Amino acid sequence: MSVIVRLPTPLRPMAGGKDEVFIDGATVRDVIEKLDAAHAGLGARILDDGGELRRFVNLYLNEEDVRGLDGLETAVKTGDVLSVIPAIAGGR
Amino acid sequence: MLIISKTDLGAVRDHGRRDYPRECCGLLLGRRSGDAFVVERVYPARNRSPVDVVDRYELDAGDRHYAEEAARALGLSVVGFYHSHPDHDVYFSETDLRNSEEYLLGEPWLPPAYAYLVVSVREGKPDGHGAFIVNEGRSAAIDVKVDDPSEGSSSGD
């Protein structure tokens, strides 16, 4: 099942400059692992050393934050859009 | 260089005034032209930091997602972010740097991905502004050019 993964600007150089890539997978975790296999290093930008979603990274499956679904175990289907959305912050 | 219309800069300044004494935040949608960040829309976002915190912003992830989709629909991309500094000068703080998207994603060493526009708001009134990039792991100020169609020319600062 092919999912569209949309990447934020800083990660695009790791995917050959593309803003979106097509990845097969059955769950969100599966897609991220295959994304890393296709574009080495991208997985580590999204998941921590324990294989969990990094605190400052959000994943939206279509319009839903996967943290509000089944997290990384959320099932995906062909045509779904998985967006990597960093949670930026700052302060003086 | 950051290129922004007087109207869009005015919208950012107004957002800073409305949210004073808290920090406001939002996104800059547009396109890249060489090294320049050309802003064609500004997109106000919600600040998710606690309401009693006036010196921090956490840009709402849902708003960020929606802005990305809006940019895509317009044939644009997210070229940067903005936030305000209530009763403080325009600068890019260490907190701003460490929480920039480039740092959060572990890629502060790549070519600058975004421009960060900062507006100062003094006693509720918008004051100065400046823009910054994350370059080779450090922040650097860039010029801001304000396009004012009514004057038929641009002014830099």
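Residues numbered from 1 in each chain as written. Chains lettered and ligands numbered in written order. Predicted model: local features only at pLDDT ≥ 70, side-chain atom pairs only at ≥ 80, totals over all residues. Heavy atoms only, no water.

Novice: Any chance you could explain the overall build of chain B here in plain terms?
Specialist: Secondary structure assignment for chain B yields four helices and 10 strands. Relative to the globule expectation of 15 Å for 157 residues, the C-alpha radius of gyration of chain B, 15 Å, shows essentially globular dimensions. C-alpha atoms of chain B, sized along the principal axes, occupy 40 × 35 × 30 Å. For chain B, restricting intrachain contacts to residue pairs at least 6 apart in sequence, the fraction spanning at least 24 positions comes to 64%. Here chain B holds 18 positive side-chain charges and 28 negative ones, and the gap between their average locations is 3 Å. (Helix = DSSP H or I, 4+ residues; strand = E, 2+ residues; numbered from the N terminus. Rg over C-alpha atoms; globule rule 2.2 N^0.38 Å. Contact = heavy atoms within 4.5 Å. Lys, Arg positive; Asp, Glu negative; His and termini not counted. Charge placed at Lys NZ, Arg CZ, Asp CG, Glu CD.)

Novice: Explain the pattern of salt bridges here, please?
Specialist: Here the idea is simple: oppositely charged side chains can pair when their charged atoms come close. Tallied over the entire structure, the rule returns 19 salt bridges over all chains. The shortest N-O distance in the salt bridge between Asp19 of chain A and Arg72 of chain B comes to 3.5 Å. On the criterion of chain membership, the pair formed by Asp19 of chain A in the loop between β1 (2-6) and β2 (20-24) and Arg72 of chain B in helix α2 (residues 61-73) is interchain, its members lying in two chains. Its relative accessible area of 29% is what places Asp19 of chain A among the partly exposed residues. The class of Arg72 of chain B is partly exposed, set by a relative accessible area of 29%. A salt bridge links Arg48 of chain B to Asp60 of chain B, with the shortest nitrogen-to-oxygen separation between them at 2.5 Å. Placement of the pair is Arg48 of chain B in the loop between β3 (36-45) and β4 (56-58) and Asp60 of chain B in the loop between β4 and α2, with a sequence separation of 12 residues. Sharing partners across several salt bridges, the network here consists of Arg6, Asp19 and Glu20 of chain A together with Glu69 and Arg72 of chain B. (Salt bridge = Lys/Arg side-chain N within 4 Å of Asp/Glu carboxyl O. Buried < 20%, exposed > 50% of the residue type's maximum accessible area, 1.4 Å probe, protein only.)

Novice: Sorry if this is basic, but what is going on with the packing of aromatic side chains here?
Specialist: Geometry of an aromatic ring pair is reported as the spacing of the ring centres plus the angle between the planes. Residues and elements named next belong to chain B. With the rule as written, the count across this model stands at six aromatic pairs over all chains. Arranged with centres 6.2 Å apart and planes meeting at 40°, the rings of Tyr43 and Tyr66 form a pair that is tilted. With Tyr43 in strand β3 and Tyr66 in helix α2, this residue pair connects regions lying 23 residues apart in the sequence. On the basis of relative accessibility, which here comes to 53%, the residue Tyr66 falls in the exposed class. Grouping aromatic residues by their ring pairs yields a cluster made of Phe81, Phe92, Tyr114, Tyr116 and Phe132. Here the guanidinium or amino end of Arg32 rests over the ring plane of Phe37, the centre of that ring lying 3.9 Å away. (Phe/Tyr/Trp six-rings, centres within 6.5 Å; stacked < 30°, edge-to-face > 60°. Lys NZ or Arg CZ within 6 Å of the ring centre and 35° of its normal.)

Novice: Would you mind showing me how to read the interface of chain A and chain B here?
Specialist: When the parts come together, some accessible area is lost, and that loss is often what is quoted as the size of the interface. Contact residues are listed per partner, giving 26 residues for chain A and 35 residues for chain B. In total, about 2,700 Å² of surface goes out of reach between chain A and chain B, with carbon and sulfur atoms giving 57% of it. Sorting the residues of chain A by area buried against chain B places Pro10, Ile88 and Arg92 of chain A first, and these three jointly supply 33% of that buried surface. The interface formed by chain A and chain B holds three salt bridges in total. With a shortest N-O distance of 3.2 Å, Arg72 of chain B and Glu20 of chain A are connected by a salt bridge. Scanning the region where chain A abuts chain B turns up 12 residue pairs in polar contact (both at pLDDT 80 or more). Breaking the side of chain A that touches chain B down by element, the ones donating at least two residues are β3 (57-61), β5 (81-86) and β6 (89-91) of chain A. Taken together, the residues of the side of chain A that touches chain B sort by class into 13 nonpolar, six polar and seven charged. In this sheet, β4 of chain B lies alongside β6 of chain A in antiparallel orientation, the contact comprising three bridges. Counted as the bridge partner of Ala89 of chain A is Glu58 of chain B from β4 of chain B. (Buried area = accessible area lost by both parts, 1.4 Å probe. Polar contact = N/O pair within 3.5 Å; in protein donor to acceptor, adjacent residues only side chain to side chain. Nonpolar A, V, L, I, M, F, W, Y, C, P; charged D, E, K, R; others polar. Pairing = 2+ DSSP bridges.)

Novice: Explain the layout of surface pockets to me, please; I cannot follow it from the model alone.
Specialist: If a probe the size of a water molecule is rolled over the atoms, the empty space left behind becomes visible. When its volume is computed, the largest pocket comes out at roughly 210 Å³. Partitioning the lining of the largest pocket into residue classes produces six nonpolar, one polar and five charged. As for the second largest pocket, its lining consists of 16 residues, and the residues nearest its centre are Leu7, Arg12 and Asp19 of chain A together with Glu68 and Arg72 of chain B. Broken down by secondary-structure element, the contributors of at least two residues to the lining of the second largest pocket are β5 of chain A together with α2 and β5 (77-86) of chain B. Here the lining of the second largest pocket takes five residues from α2 of chain B, the largest share from any one element. For the lining of the second largest pocket, the residue count by class is seven nonpolar, three polar and six charged. (1 Å grid on protein atoms, 1.4 Å probe; cavity = no way out; pocket = protein on both sides within 12 Å on 5 of 7 lines; lining within 4 Å. Points joined across faces, edges and corners; volume = space filled by probe spheres on them.)

Novice: How do you make sense of helix α1 (residues 6-19) of chain B when you look at a structure like this?
Specialist: Residues that lie three or four places apart on an α-helix share one face, since the helix turns once every 3.6 residues. Residue and element names in this part refer to chain B. The terminal C-alpha atoms of α1, which comprises 14 residues, lie 20 Å apart, in line with the 20 Å expected from a rise of 1.5 Å per residue. Taken together, the buried positions of α1 are Asp8, Leu9, Val12, His15 and Gly16. Taken end-on, α1 shows its buried residues confined to a sector of 115°, consistent with a single buried face. (Expected span 1.5 Å × (residues − 1). Arc of directions from axis to C-beta.)

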